[in-house]
Amino acid sequence: MTSTRHAAIVLAALSLGGCANLERHNSNALSQSDDDGYCQAQGGPQGSAAYTACRKNRDVAATRSDRIERTHRDLAERMLNGQ
């Protein structure tokens, strides 16, 4: 009886851990404000050449990160489906 209870607790903890991990990738609006603040501090006021270059670099980095995350998610899904 106790081993079944332990198994249920472990399964519940793993399930909740997976949900908590997915939530950190859904903050696009927060990222935009962070990018704006960072680029104003590093490059100057909005509209300056340094600010524009900073925003472009951050957008490219975010796009790469999203692509890597999507590829990883697709691979994991294929592995779970046995493909």
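Figured I'd write up the structure that's included with this text.

Rules of the game
- Residues numbered from 1 in each chain as written.
- Predicted model: local features only at pLDDT ≥ 70, side-chain atom pairs only at ≥ 80, totals over all residues.
- Heavy atoms only, no water.
- Helix = DSSP H or I, 4+ residues; strand = E, 2+ residues; numbered from the N terminus.
- Areas by Shrake-Rupley, 256 points an atom, 1.4 Å probe, with all protein chains shown as cover.
- Disulfide = S-S within 2.5 Å.
- Buried < 20%, exposed > 50% of the residue type's maximum accessible area, 1.4 Å probe, protein only.
- Contact = heavy atoms within 4.5 Å.
- Expected span 1.5 Å × (residues − 1).

Points about the overall build of the chain
Okay, step 1: Tallying secondary structure elements over the chain gives three helices and zero strands in all.
Okay, step 2: When the helices and strands of the chain are listed from N to C terminus, the series reads α-α-α.
Okay, step 3: Entry remark: accessible area of the chain is about 6,900 Å², with carbon and sulfur atoms responsible for 58%.

A short note on the state of the cysteines
Okay, step 1: Summed over all chains, the structure comprises one disulfide.
Okay, step 2: With its sulfur 2.1 Å from that of its partner, Cys-39 forms a disulfide with Cys-54. Handedness of the Cys-39-Cys-54 disulfide follows from its S-S torsion of about -75 degrees: it is left-handed. One end of the pair, Cys-39, is in helix H2 (residues 28-43); the other, Cys-54, is in helix H3 (residues 49-81), and 15 residues separate them in sequence.
Okay, step 3: By relative accessible area, Cys-54 is classed as buried at 12%.

Side note on the side chain of Asp-35
Okay, step 1: Here Asp-35 lies in helix H2.
Okay, step 2: The exposure class assigned to Asp-35 is buried, which follows from its relative accessible area of 6%.
Okay, step 3: Once residues within four sequence positions are removed from consideration, Asp-35 is found in contact with Arg-55 and Arg-58.

Side note on H3
Okay, step 1: The terminal C-alpha atoms of H3 lie 48 Å apart, and with 33 residues this matches the ideal 48 Å at 1.5 Å per residue to within 8%.
Okay, step 2: Every buried residue of H3 is accounted for by Tyr-51, Cys-54 and Arg-55.
Okay, step 3: Note on H3: the residue one or two positions beyond its end, Gly-82, has a positive phi of about 75 degrees.

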